Every structure is written in C-alpha cells, then in structure tokens.
Protein chains: 2
Amino acid sequence: MPIYNPPLKDLEFVLHDVLKIHESDIKGYDDLDRDFTSAILDEAGKISRDVLTPLNAVGDSEGCVLENGVVRTPTGFKEAFDMMRDGGWTGLGADPEFGGQGMPYIMHTAVGEMFASANMAFNMYAGLTNGAYEAIHAHGSDALKATYLPKMVTCEWTGTMNLTEPHCGTDLGLLRTKAEPQDDGSYKVTGQKIFISAGEHDMADNIIHLVLAKIPGGPDGVKGISLFIVPKFMVNEDGSLGARNGVACGNLEEKMGIHGNSTCVMNFDDATGFLVGDAHKGLRAMFTMMNAARLGVGLQGLSQASAAYQNAVEYARERLQGRDVTGAKNPDGPADPLIVHPDIRRALMDQKAFVEGGRAFMLWGASLIDTYNDTGDKDVNGLASLLTPVIKGFLTDKGFDCTVQAQQVFGGHGYIEEQGMSQFVRDARIAMIYEGANGVQALDLVGRKLAADGGKPVMAFFDLVKTFIKENETDAALNTDFLIPLKAASKDLQAAAMFFMQNGMKNPNAALAGSTDFMHLFGHVCLGLMWARMAKSASDSLARGVADTEFYETKLTTGRYYMQRLLPETGLRLARINTGATPVMALAAENF
Amino acid sequence: MPIYNPPLKDLEFVLHDVLKIHESDIKGYDDLDRDFTSAILDEAGKISRDVLTPLNAVGDSEGCVLENGVVRTPTGFKEAFDMMRDGGWTGLGADPEFGGQGMPYIMHTAVGEMFASANMAFNMYAGLTNGAYEAIHAHGSDALKATYLPKMVTCEWTGTMNLTEPHCGTDLGLLRTKAEPQDDGSYKVTGQKIFISAGEHDMADNIIHLVLAKIPGGPDGVKGISLFIVPKFMVNEDGSLGARNGVACGNLEEKMGIHGNSTCVMNFDDATGFLVGDAHKGLRAMFTMMNAARLGVGLQGLSQASAAYQNAVEYARERLQGRDVTGAKNPDGPADPLIVHPDIRRALMDQKAFVEGGRAFMLWGASLIDTYNDTGDKDVNGLASLLTPVIKGFLTDKGFDCTVQAQQVFGGHGYIEEQGMSQFVRDARIAMIYEGANGVQALDLVGRKLAADGGKPVMAFFDLVKTFIKENETDAALNTDFLIPLKAASKDLQAAAMFFMQNGMKNPNAALAGSTDFMHLFGHVCLGLMWARMAKSASDSLARGVADTEFYETKLTTGRYYMQRLLPETGLRLARINTGATPVMALAAENF
C-alpha cells in the first residue's frame, strides 16, 4: 500500500522563502503568514495522508459501477467527500459572496497538490466542480449565479464540463449537440457527449452540467458555439430540487486509470438548458473553464510524480539488493539498500529535481493568476496565458515520466498492481491527454501564445530571466552553478523563438514541427529559473545562519543536479527545432 | 480492435538488401534465399494477423484464472497454441536432433517479432520454453536432453525460468531455495519462487521448471547456486508421465499488463529435481538462458512499438480533426485527417524511425549470434555480448516510449481500454523490467561488458563504424546525410567510454552514474549505424533502377529523420556522463 507524506516543508519553502508571498501586496496575501498557511497545509496534509491516500487503491480496484442509470462510486468515497465538504475544502478559493473562503489561488493550488497526490480520481469531483463554478462565476447572469453557485461552492451540487462528442474532441467546430430556443428563454438541448468526468455519481444531490451546443441558425464552426447550464434535476424558485431533467448517463468508459472517477457517456434528450453568457460566444466562457482546468491538470502531473517519488525513495531505502561497489554500506545485513546504487540514485534525483522544480513553477504560476485577479494587469495575464500550456504540457509529460521511473525502482514488484506503483503511472497518463492533448498545448503555445500581443509576453519572460541573472551574478557560487547554465538555456529558448519568427511566417509548419520540442525547451527554462530562485533563497537562508542547514544544503544539491544533468536538454530541443519542417513533413501520408 | 499488418517487406529489406544473408557463408544461411524466407515470413505473418492479433484483447480482458491449483488461460489460447505446435513454429530454431527445424536464429527472430507484435503475452509461453530448452541443450546431460528436449521443442511440454524469490531479484546470491542431494542422484527442492511466467497453465501436458537453488554446504552467494530441472509431472523411463511432483502454483499475480500470461508464485515442497550441469555452476547455465531471454525481451520492446505505431498511423489517417494550417487537404470533408498536423507527424516519424532502425539492429544482432554459433569466433561473441544489454535496455525503453506516443495520437480514445492502445503501453512496460531491469542492463554494459577482454569488443564496434564510414564516404549524399552525423555520434560514444576509463578506475561511481545514459548513447549509435547501412542499401537499389522507388525513397527519408532529429541525443547523453559521480551521489540517503 503506497504511503504519502505531505511535503509541507517544501510547500512552505516555496511560498515563503522563494515567493515571499506574505511580503507581496497581492490582495489576500496579507493574511498568508507562515502560521496561517502552515495551519491550513497541515490540516490538508493530514486529510490527504490519512483519508484520501487509503482510498486511492480502493478507487482503482473497485472503480465506478453503472446500474439502472445510477453510478456508484467506490467504497468510502461518499464519506470522504462529505468530510471535504464539511471541512470547507471545496470552496477554499471561491468567492465569499457565494459561500467560499475567498482564499488566493495559490493556496488552492498548494492544497490541491496534496489532495491530487493522495487521490487524483477522487479529487476530480471537486476539481471539475470548481472549473464549472469558474465559468458560471465569470460569465453567468446574476440569477444563474445565485441559483447555482452557493451549492457548487459547497459541492452539495457538483459540476461537469461537456465538450467532447464521439467525432469531435479538439476540433469543437464539428460539434452537433443542438440547443433549441424556447419561449420562456430556456433551451432544449439534445445530443451526445463523451468522456464526461464525474458526469454521474452518487455523491451529490444535483449535478450541474456545462454543455457546449449549437443554436440552430447560428454561425458555422466554433463561432456558433454557445454554453449552457443543464442541471440533472431542475431547480425550483425556492432552491429546492424539482423534476429530473432530460440528461442521463448512457455508459461508463473502461479506462486505463483514474478508475475512481466516473467517465460517462452523457445523453441529452430535450434537456432544459440555460444560456451562460452570450449566444454564440460559448467558446470564451469555455476557455475560462479550460484555463483553470489546464492548470489543474498540470498540477495532477506534478502530484502523481511527487507521490510516486516518495514511494520509490522509501522502497530504495528499505529493499536490500546487491552491494555498494565502493564498499558495503550495510555490512551486517545480507545486502545493501537499493539507494546505494548510482543508477537508482540517478532515477531518484531525476524525480526529486523535477518534482521540487515543478512545484515552484506551479506555485509561481498561481501567484501570477492571483496578481492578475487583483490588478487586472494585462501583461501579467499575458505571461500567465503564455505559461499555461507549458505548465499543462511539460508538467504532465515529465510527471508521467517520473511515475514510470518511480515504478522502475521497484523492479518486478512495481509491475504488480497490489504495490500501487502501476496506478500512479496509469492515473498520470490521462493528464497528458485531457483538457487538450499535449500536442494541442504545444500548438497553442507556438501558434497562439508566442505571437500574442506582438510577442510582448515572451519578451517579458526573457526580461524576467535576464533581470534575475543580472541582480544576482555577483554571487560567484550562484553564478557558476545556476546563473550561467540558466543563461545558456534561456539563450536556447530565444534562438528557438527566433527560428520560429524567421521561418514560421512563410512556412507555419517550420514552427509547428518543433512545437513539442519548444514546449519542453520552455518548460526546462522555467524549471531552471525556479531552481536558480530556490538556490538563491537557500543560500540567503544559509548565510543568515538558519538552524536546519541540511534542508537548504539539500535544496542547493538538488538544484545543481537539475542544472547539470536535466537543463542541458534545451540544446537537444533547439537542435531539433532548427531542423524545421522538412524532416517531419517529408513523407506522403500513404508512406507511413 | 487494433489491427496488425505483418511488416514483411521491411523484414525482407533488412534480411536481404541490408544484411544480404543469402550471400553470407554463415551456416544455414545458404538456404535463406528470398523465396524461402518470404514463404516462411508470409505464413508467420498470416498467423500473427489472423489468429494471434484477435486473441490479444481477449487475453488482456480475461486474463488467467487460478482455480484449485489449475490455471485456465484465456479463451482461444489453447487452440492457438495447438496450431502453433502443429505448424512446427515452436521448434523453428531448435536442434533437428531433438525434432527442431534447425533454422538460424535470425529467422527465429524475424518470425518472433511478428508473433510478439500480435500477442506478446501469448508468445511468452513458447518463448520461455525456448529459453529453458537453450539452457538444457547447452548444459544438460545427454540423458536429460533425451528425456526433455523433444517434447519441449514441440511445446507439448513448456518450460519456465525460476530465479526470483520474494526477497531476491537481481541479487541472486541471496536466494534461499534449497536442493538436498538424494541417494539416487536426484535432489529434493524446497522453496518459493515468484514472478514465474507461464509457471502453471492448461496448454501443455507437462511443465519443465528450471530452478536455481542452493545445495546445502556449498559456497556462499552466487558461487553456491545450482540449476535444476523440476518437472511438474515426473517422467517415466518410457517417456510417459508419472506422478505429480511437489511443485504447485500458489497464486497468480495481478499485473499492469501481459494478463494473458500466467505470472505465478511457485511453491516447491520436496520436489524432485535433476541437476543441470555442474553443482554450484548454475549461474553459467542461467546466463545461457538469460542471454537468449534478454534478446527476446528486446524484441518484445520493438514488437509492441511496431504494432502500436501501425495503429497510430491508421487512426491518424482516418480521424478527421482540424485543418492543415497551410490549406485544407480534405476540403469536401468536415475536417482534415490528423496526419496533416505537424506534431502528429513528428510523433509518427519518431516511432517509424525507431521501429525500422530497431528492427535492423535486432536482426543484425541475431546474425552475430548465428555467426558465433557457426564459427565459435570469440570476437564475434564478444561483440554480441556487448550489444545484448543495449538491445534489451535501449529497445525496451524506447519501445515503451513509442507505445506511449502511439497512444497519444488517439487523444482521449487512447485512454479507453476498448481501443487497445492502453494494452500496448501496459504490456510493453514489463519489458523494461524483467530479465534484468534496464538499470541492471546498463550496469552490465558499463561495469562488465565495456571492459571485457581488455575493451576489445567495444574497439571492434568502433572499428566497424569507422570502416563503414571509410568505405562509403565518397558517396556525397550518403556522407552528408548519414555518415557525418554517424561519425559525430560515434565520437560522443568514444568520448563517453574514454571518460569512464579515465575516471571509473579510481571512482567506479563516476562510470556507474552515467550507465543508463551510456546505454542510450550506445543504442543511438547502433541505430545510427543501422540507418546508415539501410540508406546505403536503399541508394544502391535506387541506383540499380528498382521498380518500387517509393519504398526506397521512404527509407531514405525516414533515415534522414533519425539522423537529424533523434541521433543528436548522443550529445546530451555525453554531457550528462561527463558530469560524473558528484551530482548523482551528492545527497545522503536520508535527504531524499
């Protein structure tokens, strides 16, 4: 049975030592002193470790079951969901006007990492609800907000996102679900949606489906898409539940992982729906929901890597196998622990350096969202938008790789389901796919975000890197170990962006052929920047003479590993990008 | 339901155009003309496509079931196994003295790729039997050979390899299974073995377990290990089956994949065993079995990549989603096929370039085994031994990556079990683990094979690369596109080997910290060499004026992709190796 140790100290290190949230003047951050954040993280950590972790394997082995239109969640999920609800965890970041705790997004993120690490499938029920909440909160009328949001904040009612249809995933312009206007201002929604996470289950009194559909007579393609609320049960004037609406779960998908979450085929048959925002402008509202979801999925990638890594470390310390080639480390035992072996350490260091760098990246990203929410600063929003596909794509690709490496540490035992390592791999796998497959993230990054606003956001990113280097290069140790490698990596990223600018205009494929490489190159520079910032904080703390020197020394050592062994991947990614369109596009489709 | 198209043309291209097997004077190769090989491959391809492929999903969903000590294999497996037996496929490469067809290992490999692509779990029953056959054939007494081999060649009796125990996998010195000598020359074997593939099942009359055990009073550690035959049913003098022996399946493991193969806990309780080879020299015999198994596992990695790739291509051609940014390719349809998108092509080209390069590498490796079997040339054996961990480790790591990429092409549909792409990923995963986890392969490569025989094998490899380049560099196109990149990659490999030589003596960890990087670096140079050789063959064919120019042009294009986009990974691997032991070993175990 896998263990989970909430990474409280690491989270606080990023929040307070690196991002210094309490010293910043972002709205809501003035409450976030160390005592306050530690009380919250500590409590969330306990729930993650003691309640959610033991249910993770249960969810995987039992899965969800559909019987007579009702979906039964795994044993213990309902009780745990009640507990989350009662503890106010579901509305942590939500608007106090609707009963939320109004905490900054950064706290939602820090807490969410632990919940998702402990039980990714379980955490999706609240996560999807939060995405739906965001869309209604940003685009719904006051009446809709008043009717739906309070119950969604508490997760008495949960939410879903209904985008995909059997023939259309990424290409939403193809969708066929129809919404016919009715005399009373409502719509009749008819169509089939697939891959609907938490589409039906037994943990909430009502389920609020957000559904993309076309109003007949509207524009073709994505310009004719509108967003609707379709509740499972109609809501009466007084807020009580009325008749069952024309929406039902037709089937549950059998998936590779996240078995504890119900993935539904949803059939809408003249279901009553209510327009959210303007007709034909559903895509904008959908993107509100989607952007939040993408950050959440990036967090899932990180969370599975973190949980899997912890278990790999524990196994490597306990399993006795072989001897240290430089001399026995456990001479009285029959063999040395796995962790003495260099290749095992290499795998563990890869994971550790990614997880800690990724955590800082994630929380930094969350602080940008909070800054934008507070100030409405367009440049901050531009930077956050630029980084969103990197957070989603890079953290889930690398997060998955880490779970595979963690499983590998267990040898044959890692392949046995009982051990739990397979589940981390199978669960993490979906994060590379949903909310826009990672190839779509790369396309979004290179085809849209890079050139957005005349390239201002990416220039702002480069400036940020340059400024950090300039401000700190007099620190010789920091400079040698962190800033010089960061500068080289950032130069690779600039060269790649330059290549796209010079070649992408006349041949878009010259840029798109390198899009996934660019996303990874960008991700590495971000983690390089994070490690440089963490190293500076750690050095400062050591210089100040903190008590726990080991913690900060370990940060520096782990950071150096990242800079020396992982960051140089930027060179390979650039080399690939520079080969342009030809190698990728040369074959005719029939010659594959 | 996944499809499978036997890659007949690609196999024949490698066998005849590249390796020119029929022109070589290796024993048995004189029979292998194009008509003969094509008749065999064609027939094996049909069985793979029509019989084994449809059973692959059945095996995955049904799995094996243990009831009252009997293991039931999935529906249809028994009939298919009978068919393989009746067709003589199980003894293709076996010694005619014992009823085999005596075909060279290279044909066993070419046919085996297709069988494993179609149904990896099914093919393991015969594969394990073949490994056990090899060990008995090489090390057993004439009496043992006469008793067991004929029935194993036909797979009327299947075989197993019993190495692992709950507390000991890689570190066989720890094993506890005991073999007590009896007055009649036999032994009584007692102990528990785990992860025993095909340990018990309903497809054969008898199961011949090869078991590593310790004879009490023998040397400690691996020097005290002996190898025994422990049949499920005792064999009477006349060859008929006698009493049940004291060996039974105690449990079936629930695994991430290869559900169609029974992975057993085997309990030996005073089971009668017969010594194979000399007492305490079991490790040598085990390595015979293990080396064959390692090549077979490398082939599994390749085979899953090949099958998954084919399905990804088919899906990318059929699934309509989005438009080609350079202009619609399917203007009359609602959208263009996925294959127009550069990032989808990038993923497909990665897979194609790996699969075809890996296939050539695999078959070249097999030709070295045949050469050694024929000539007993120690240098050839040295080279084959050097390449074995590269074939196993590199082809399974990359093969797994390819299955993940293939699954990714399917988007959300790839995550649904029904689609079959998840199975390729889950099945391929074990190949990185068993028969020596890939970290152990890297250790074997760097810690043992590299320095073997004073470094002669690796020098021979470098010479081989150099000679090929020298002989062909006057061909300007080949030189620019293939030989110059190959030379650069080979230089990286030499530099890495040099680093190990200069640093590994005084600090073994300086070499071992880079062992996995070295294995991948080596693998890339091997595939680079294969692509250069394939490019030369393709150019020659085109210059000769062959009819099917498209096939050969496609080879050149795919090869250029490999050289331009994948081979440059060698630089990154070398950079990591050059960082030595410090980054990897710096942390104390308690600071992970």
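Residues numbered from 1 in each chain as written. Chains lettered and ligands numbered in written order. Predicted model: local features only at pLDDT ≥ 70, side-chain atom pairs only at ≥ 80, totals over all residues. Heavy atoms only, no water.

A.B. asks: Give me the lowdown on the overall build of chain A, citing residues and values where you can.
C.D. replies: Helix and strand counts for chain A come out as 18 helices and 11 strands. Split into buried and exposed, the 592 residues of chain A put 63% on the buried side. A sequence separation of at least 24 residues applies to 74% of the contacts in chain A between residues at least 6 apart. Carbon and sulfur atoms make up 51% of the accessible area of chain A, which totals about 20,800 Å². In chain A, the 52 positive side-chain charges and the 73 negative ones have mean positions that sit 6 Å from each other. (Helix = DSSP H or I, 4+ residues; strand = E, 2+ residues; numbered from the N terminus. Buried < 20%, exposed > 50% of the residue type's maximum accessible area, 1.4 Å probe, protein only. Contact = heavy atoms within 4.5 Å. Areas by Shrake-Rupley, 256 points an atom, 1.4 Å probe, with all protein chains shown as cover. Lys, Arg positive; Asp, Glu negative; His and termini not counted. Charge placed at Lys NZ, Arg CZ, Asp CG, Glu CD.)

A.B. asks: Got a sec to walk through empty space enclosed by the protein? Specific residues and values, please.
C.D. replies: Residue and element names in this part refer to chain B. Under the defined criterion, the tally for this structure stands at four cavities of 30 Å³ or more. By volume, the largest cavity amounts to about 570 Å³. What lines the largest cavity is a set of 34 residues, among which His108, Asn123, Gly127, Leu128 and Gly296 lie closest to the centre. (1 Å grid on protein atoms, 1.4 Å probe; cavity = no way out; pocket = protein on both sides within 12 Å on 5 of 7 lines; lining within 4 Å. Points joined across faces, edges and corners; volume = space filled by probe spheres on them.)

A.B. asks: Lay out the interface of chain A and chain B in plain terms, naming residues and giving numbers.
C.D. replies: Facing 86 residues of chain A, the contacting portion of chain B comprises 86 residues. Here chain A packs against chain B, burying approximately 7,500 Å² in sum over the two surfaces, 60% of which is carbon and sulfur. Among the residues chain A hides against chain B, the three largest losses belong to Tyr415, Arg565 and Phe592 of chain A. Together they make up 12% of the total. On the surface where chain A and chain B come into contact, there are two salt bridges. Where chain A touches chain B, the interface holds 46 residue pairs in polar contact (both at pLDDT 80 or more). With eight residues, the single largest contributor to the side of chain A that touches chain B is helix 16 (residues 549-566) of chain A. For the side of chain A that touches chain B, the per-class residue count stands at 42 nonpolar, 24 polar and 20 charged. (Buried area = accessible area lost by both parts, 1.4 Å probe. Salt bridge = Lys/Arg side-chain N within 4 Å of Asp/Glu carboxyl O. Polar contact = N/O pair within 3.5 Å; in protein donor to acceptor, adjacent residues only side chain to side chain. Nonpolar A, V, L, I, M, F, W, Y, C, P; charged D, E, K, R; others polar.)

A.B. asks: For the packing of helix 4 (residues 105-118) of chain B against helix 8 (residues 342-375) of chain B, give the residues involved together with the corresponding values.
C.D. replies: All names here are of chain B. The N-to-C vectors of helix 4 and helix 8 enclose an angle of 150 degrees; their axes lie 8 Å apart at closest approach. The angle between helix 4 and helix 8 falls in the class roughly antiparallel. Helix 8 is crossed by helix 4, and the crossing has right-handed handedness. Packed against helix 4, whose contacting residues are Tyr105, Ile106, Thr109, Ala110 and Glu113, the element helix 8 presents Arg359, Met362, Leu363, Ala366, Ser367, Ile369 and Asp370 at the interface. Of the residues assigned to the contact of helix 4 with helix 8, the class counts are seven nonpolar, two polar and three charged. (Axes fitted to C-alpha atoms, helices over the stretch in contact; angles between N-to-C directions. Parallel < 35°, antiparallel > 145°, perpendicular 65-115°, else oblique. Left-handed = near helix turned anticlockwise from the far one by under 90°.)

A.B. asks: Please provide a residue-by-residue account of the packing of aromatic side chains, values included.
C.D. replies: In total, this model carries 35 aromatic pairs over all chains according to the counting rule given. Ring centres of Phe77 of chain A and Phe122 of chain A lie 5.3 Å apart, and the angle between their planes is 80 degrees; on these two criteria the pair is classed as edge-to-face. A residue pair is termed long-range when its members are at least 10 positions apart, and Phe77 of chain A in helix 3 (residues 77-86) and Phe122 of chain A in helix 5 (residues 120-139) qualify at 45 residues. Using a relative accessible area of 0% as the deciding quantity, one classes Phe77 of chain A as buried. Geometrically, the ring pair formed by Phe499 of chain A and Phe500 of chain A is edge-to-face, given 6.4 Å between the ring centres and 65 degrees between the ring planes. Each member of the pair, Phe499 of chain A as well as Phe500 of chain A, is classed as buried. Members of the aromatic cluster, connected to one another through ring pairs, are Phe461, Phe462, Phe499, Phe500, Phe518 and Phe522 of chain A. Here the basic side chain of Arg244 of chain B rests over the ring of Phe233 of chain B, its NZ or CZ set 5.6 Å away from the ring centre. (Phe/Tyr/Trp six-rings, centres within 6.5 Å; stacked < 30°, edge-to-face > 60°. Lys NZ or Arg CZ within 6 Å of the ring centre and 35° of its normal.)

A.B. asks: Tell me what's going on with the domain arrangement of chain A, and back it up with residues and numbers.
C.D. replies: Residue and element names in this part refer to chain A. Structurally, chain A comprises domain 1 (8-136), domain 2 (156-280) and domain 3 (454-583). If you look at the interface, domain 1 gives seven residues, while domain 3 gives nine residues. Interface area for domain 1 against domain 3, summed over the two sides, is near 700 Å², with a carbon-plus-sulfur share of 60%. If you sort the residues of domain 1 by the area they bury against domain 3, Lys9, Phe13 and Val18 come out on top, with a joint share of 63%. (Domains from an automatic or database assignment.)

A.B. asks: Give a description of the pairing of strand 6 (residues 206-214) of chain A that names residues and reports values.
C.D. replies: Residues and elements named next belong to chain A. With respect to burial, strand 6 is a largely interior element, nine of its nine residues being buried. Covered by surrounding structure in strand 6 are Asn206, Ile208, Leu210, Leu212 and Lys214 together with Ile207, His209, Val211 and Ala213, the residues of both alternating faces. Summarising the sheet, strand 3 (residues 157-162) and strand 6 pair through six bridges and their orientation is parallel. Its bridge partner lying in strand 6, Met161 is registered against Leu210. Of the strand pairs in this sheet, strand 6 and strand 7 (residues 225-231) are connected by seven bridges, and their pairing is antiparallel. Considered in strand 7, the bridge of Ala213 is made with Ser226. (Pairing = 2+ DSSP bridges.)

A.B. asks: I'd like a description of the relation of the copies chain A and chain B, backed by residues and values.
C.D. replies: Turning chain A through 180 degrees and shifting it by 0.0 Å along the axis lays it on chain B, with an RMSD of 0.0 Å. One copy is carried onto the other by what is essentially a two-fold rotation axis. Of the C-alpha atoms belonging to chain A, the one lying closest to the rotation axis is found on Leu572 of chain A, 3.3 Å away. Comparing interface residues between copies, 100% of those in chain A also lie at the interface in chain B; the contact surface is shared. (Least-squares fit on C-alpha atoms with pLDDT ≥ 70 in both.)

A.B. asks: Can you explain the side chain of Asn509 of chain A? Please cite residues and give values.
C.D. replies: Assignment of secondary structure puts Asn509 of chain A in helix 14 (residues 508-512). If sequence neighbours within four positions are ignored, Asn509 of chain A has contacts with Ala581 and Met585 of chain A together with Val325, Thr326 and Pro342 of chain B.

A.B. asks: Residue-level account of the side chain of Asn245 of chain A, with values.
C.D. replies: Residue and element names in this part refer to chain A. Note that Asn245 resides in the loop between strand 9 (241-244) and strand 10 (247-252). Residue Asn245 is classed as buried on the basis of its relative accessible area, which comes to 7%. If we skip the residues at most four places from it in the chain, Asn245 touches Val230, Pro231, Lys232, Phe233, Met234, Ala271 and Thr272.

A.B. asks: Any chance you could break down the pattern of salt bridges for me, citing the residues and the numbers?
C.D. replies: The final tally for this structure, using the stated rule, is 66 salt bridges over all chains. In this structure, Glu200 of chain A and Arg244 of chain A form a salt bridge, with 3.9 Å as the shortest nitrogen-oxygen distance. Here Glu200 of chain A, found in the loop between strand 5 (187-197) and strand 6, pairs with Arg244 of chain A, found in strand 9; they are 44 residues apart in sequence, far enough to count as distant. You can call Arg244 of chain A partly exposed: its relative accessible area is 42%. Notably, a salt bridge pairs Lys487 of chain B with Glu473 of chain B, separated by 3.8 Å at the nearest N-O pair. With Lys487 of chain B in helix 13 (residues 476-504) and Glu473 of chain B in the loop between helix 12 (456-472) and helix 13, this pair connects stretches of sequence that are 14 residues apart. A residue is classified by how much of its surface remains accessible, and Lys487 of chain B, at 43% relative accessible area, is partly exposed.

A.B. asks: Quick rundown of helix 12 of chain B? Include the residues and the values.
C.D. replies: Residues and elements named next belong to chain B. In this model helix 12 runs 24 Å from its N-terminal to its C-terminal C-alpha over 17 residues, within 8% of the 24 Å that 1.5 Å per residue would give. Among all positions of helix 12, only Pro457, Val458, Phe461, Phe462, Val465, Phe468, Ile469 and Asn472 are buried. When helix 12 is viewed along its axis, its buried side chains cluster within an angular range of 150 degrees and face the same direction. Relative to its buried face, helix 12 has exposed residues pointing more than 90 degrees away, namely Lys466, Lys470 and Glu471. Close packing links the buried residues of helix 12 with helix 8, helix 9 (378-409), helix 13 and helix 15 (515-544). (Expected span 1.5 Å × (residues − 1). Arc of directions from axis to C-beta.)

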